[in-house]
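One letter stands for each residue in the lines below.
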Amino acid sequence: MSLLELIVVSLYFLVFGLASYGVGEKLLAWYRKVFDKNKKNKISVDSIGLSLLLGMGVIGNLGLILARVGQFYKTNLLIILGVIIIFSVRNFYFLIKFIYSNFSKFDFKKNLVATGTLVISLLILASLYLSAMQPPHATDELHYHFPQARSVVETGKVGWSFDGHYFYGNIPKFMEVVFATGLAVQGYQLAHLFNFLIMIGFLLVVFGVINRVSGKKAASLAVLLLLLFEDFTWNATVGFVDSATVAYEISALLIFLVWLVAKKKQQSWLVIAGSLMGVAMAIKYSPVPTIFFVLILLLGFRKKQAIKDLFLFGLPALLFGGYWYLKNLILFGNPFFPMYFGHKGVSEELYLGQINNIQQWEPKTLKTFFDKINGRYKNQIEFTTWIAFWTSPLALVVKKVPREIRLLTLYFLAYVPYWFFVATHQVRFLLPALVVAIAILAVLLSKINQKLLLGSL
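These numbers come from a predicted model, not from an experiment.

Colleague: Help me understand the overall build of the protein chain, please; the structure alone is not making it clear to me.
Modeller: On a plain count of helices and strands, the protein chain comes out with 20 helices and 0 strands. Along the three orthogonal principal directions, the C-alpha set of the protein chain runs to about 60 × 55 × 55 Å. Scored against the burial criterion, the 457 residues of the protein chain give a buried share of 55%. Across the protein chain, every contact between residues at least 6 apart in sequence was considered, and the portion connecting residues at least 24 apart equals 77%. Summing over all exposed atoms, the protein chain offers an accessible surface of approximately 20400 Å²; the carbon and sulfur share of this is 68%. In the protein chain, 42 side chains carry a positive charge and 21 a negative one; their mean positions are 16 Å apart.

Spelled out as structure tokens, the structure:
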């Protein structure tokens with residue numbers, strides 16, 4: 001890649017980042033005004049991340065609408081971005097003001113751990129940014145993610161069944177539309193960078209939420225440890241969709257838990273969580289168990305208000321991603337077609353063969369379990385992730401661990417057996433639990449003396 005190409009793709013990345021933030025921030029402001037009766041839209045680190053994630057959700061869905069009406073072209077996409085940016089100039093001013101104000105007030109000497117970890121995190125992010133510039137080379141992006149995105153770009157339209165494939169054509173395709181947007185505007189580099197942008201939004205949400213409940217030290221450690229999680233970061237620099245799914249899924253879970261534990265509940269946070277979960281479900285079916293966990297907590301802690309809460313969570317989820325399931329219900333009589341309950345028009349042998357490719361079952365024994373976890377993560381590269389996996393349950397017994405983190409630990413303890421006994425033995429489908437474990441480990445490490453912790457870095 002030449003210097004000129006790097007500059008061009010970086011400028012497009014900046015334009016999309018600004019547009020995502022602008023439309024996302026306006027959506028957040030509208031949520032707060034409608035559901036909290038709050039006209040002030042105070043900026044925070046987590047709100048910046050939420051704006052990026054929600055903004056990408058809006059832009060991706062606008063791209064899908066263009067494709068459905070046969071108008072998915074570069075010119076139309078850039079016009080939409082231009083309009084969003086023009087109407088978001090005021091938001092950018094307040095964002096710059098917020099960044100400058102917080103940077104100038106930050107006590108670097110007092111927060112040595114936070115400072116050191118954030119500097120290292122920025123260096124890792126820079127290397128990942130360049131890594132995302134590589135041509136498509138990963139299996140799934142070559143086999144169907146990018147070919148499906150390319151067909152949208154070449155035809156300017158899309159049917160409900162992407163490329164007519166008996167299986168992959170009918171599973172949710174939000175990220176394929178996002179990738180198609182990058183391909184249409186600039187090429188594969190920008191498509192990869194959209195995945196990277198979603199990861200940045202997620203890291204900001206993690207930092208903001210952990211900072212709220214456990215402070216800057218834990219928040220900065222969480223970001224660094226996540227950036228050291230190679231399965232996650234590599235996934236976010238190629239044309240896979242797992243990291244993006246997890247980014248929306250776990251962001252929704254974190255926002256929901258903060259809302260659930262708060263004494264004074266802001267209903268907009270529940271709506272935000274539902275919106276994020278909707279985008280996650282528009283990417284893959286895999287967030288279903290996380291939704292069940294949310295529902296169990298709602299029914300357990302909010303019995304009297306459960307119906308209202310379910311409506312506030314479920315309606316935005318339906319608008320941001322539920323249409324994929326309504327489409328399958330209407331066309332095939334099965335909202336989870338083709339993943340669950342068979343596949344209409346496909347032989348049982350062919351269908352089960354595809355499911356077996358996903359599940360990749362081995363004997364469901366303790367030996368297999370330890371072999372899977374230790375074999376993949378007990379090494380120098382993923383050692384921090386391995387430590388997080390085995391130590392995160394300690395959050396249930398360590399003193400002064402926030403209630404949100406204890407609930408997050410219960411989620412981890414529920415997800416791991418679901419993954420091993422019900423879902424699949426593919427380790428990448430364990431990403432939600434591993435990401436959560438890393439956040440929990442960061443909180444546990446923050447309890448250690450700062451000078452001792454610095455010496456270990």
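Colleague: Got a minute to help me understand the layout of surface pockets in this structure?
Modeller: Taking a probe equal in size to a water molecule and rolling it over the atoms shows the remaining empty space. For the largest pocket, the calculated volume is near 1400 Å³. Residue lining of the largest pocket: 38 residues in total, with Val45, Ile48, Ile99, Leu122 and Leu204 positioned closest to the centre. Of all the secondary structure elements, the ones that give two or more residues to the lining of the largest pocket are helix H1 (3-35), helix H2 (45-68), helix H4 (89-105), helix H5 (112-131), helix H8 (188-214) and helix H9 (216-227). Partitioning the lining of the largest pocket into residue classes produces 25 nonpolar, 8 polar and 5 charged. Of the voids in this model, the second largest pocket is the one considered here, and its volume is about 790 Å³.

Colleague: Even after reading the chapter, I still don't get the environment of Ile440, so can you show me in this structure?
Modeller: Assignment of secondary structure puts Ile440 in helix H19 (residues 431-445). Spatially, the C-alpha atoms of Ile440 and Thr409 are 7.2 Å apart, while their sequence positions differ by 31 residues. Apart from residues lying up to four places away in sequence, Ile440 is in contact with Ser392, Ala395, Ile405, Leu408 and Thr409.

Colleague: When you look at the packing of H2 against helix H11 (residues 242-261) in this model, what are you seeing that I'm missing?
Modeller: In helix packing, the relevant descriptors are the interaxial angle and the interaxial distance, both defined with respect to the helix axes. It is at 11 Å that the axes of H2 and H11 come closest, and there the two elements cross at 130°. Judged by the inter-axis angle, H2 sits oblique to H11. For H2 against H11, the interelement crossing comes out left-handed. Contact residues: Leu50, Leu53, Met56 and Gly57 in H2; Ala247, Tyr248, Ser251 and Ile255 in H11. Looking at side-chain class alone, the contact of H2 with H11 contains 6 nonpolar, 2 polar and no charged residues.

Colleague: What's the story with unusual backbone geometry in this structure? I'm lost.
Modeller: Only a minority of non-glycine residues have a phi that is not negative, and only a minority of peptide bonds are not trans. Along the chain, Phe337 connects to Pro338 via a cis peptide bond; the corresponding omega equals 5°. In this structure, Pro338 sits in the loop between helix H14 (306-332) and helix H15 (348-359). Look at Gln360: it is not a glycine, yet its phi comes out positive at around 50°. Mapped onto the elements of the fold, Gln360 is located in the loop between H15 and helix H16 (366-377). A positive phi angle is found at Lys400, which is not glycine, with a value near 60°. Mapped onto the elements of the fold, Lys400 is located in the loop between helix H17 (383-391) and helix H18 (403-423). Classification of Lys400 by relative accessible area gives exposed; the value is 74%.

Colleague: Explanation requested: the pattern of salt bridges in the structure shown.
Modeller: When their charged atoms lie close together, side chains carrying opposite charge are able to pair. The tally for this structure, following the rule as stated, stands at 10 salt bridges. In this structure, Glu176 and Lys173 form a salt bridge, with 3.7 Å as the shortest nitrogen-oxygen distance. Grouping residues by exposure puts Glu176 and Lys173 together as buried. Notably, a salt bridge pairs Glu382 with Arg376, separated by 3.9 Å at the nearest N-O pair. Here Arg376 falls in the partly exposed class, since its relative accessible area comes to 28%.

Colleague: Please explain the confidence of the model for the protein chain as it appears in this structure.
Modeller: In low-pLDDT regions, the fine details of the predicted coordinates are not to be read closely. Per-residue confidence for the protein chain averages 90 on the pLDDT scale, and 96% of its residues sit at or above 70. H11 holds the highest mean pLDDT among the elements of the protein chain, 97, whereas helix H20 (residues 450-456) holds the lowest, 52.

Colleague: It is not clear to me how helix H13 (residues 288-301) should be interpreted in this structure. Could you clarify?
Modeller: One full turn of an α-helix is made of 3.6 residues, so residues set three or four places apart face in the same direction. For H13, with 14 residues, the first-to-last C-alpha span of 20 Å sits near the 20 Å given by 1.5 Å per residue. Burial in H13 covers these residues: Val288, Pro289, Thr290, Phe293, Val294, Leu297 and Leu298. The inward-facing, buried residues of H13 abut H11, helix H12 (267-283), H14 and H18.

Rules used in this analysis
- Residues numbered from 1 in each chain as written.
- Predicted model: local features only at pLDDT ≥ 70, side-chain atom pairs only at ≥ 80, totals over all residues.
- Heavy atoms only, no water.
- Helix = DSSP H or I, 4+ residues; strand = E, 2+ residues; numbered from the N terminus.
- Buried < 20%, exposed > 50% of the residue type's maximum accessible area, 1.4 Å probe, protein only.
- Contact = heavy atoms within 4.5 Å.
- Areas by Shrake-Rupley, 256 points an atom, 1.4 Å probe, with all protein chains shown as cover.
- Lys, Arg positive; Asp, Glu negative; His and termini not counted.
- Charge placed at Lys NZ, Arg CZ, Asp CG, Glu CD.
- 1 Å grid on protein atoms, 1.4 Å probe; cavity = no way out; pocket = protein on both sides within 12 Å on 5 of 7 lines; lining within 4 Å.
- Points joined across faces, edges and corners; volume = space filled by probe spheres on them.
- Nonpolar A, V, L, I, M, F, W, Y, C, P; charged D, E, K, R; others polar.
- Axes fitted to C-alpha atoms, helices over the stretch in contact; angles between N-to-C directions.
- Parallel < 35°, antiparallel > 145°, perpendicular 65-115°, else oblique.
- Left-handed = near helix turned anticlockwise from the far one by under 90°.
- Salt bridge = Lys/Arg side-chain N within 4 Å of Asp/Glu carboxyl O.
- pLDDT = per-residue confidence, 0-100.
- Expected span 1.5 Å × (residues − 1).

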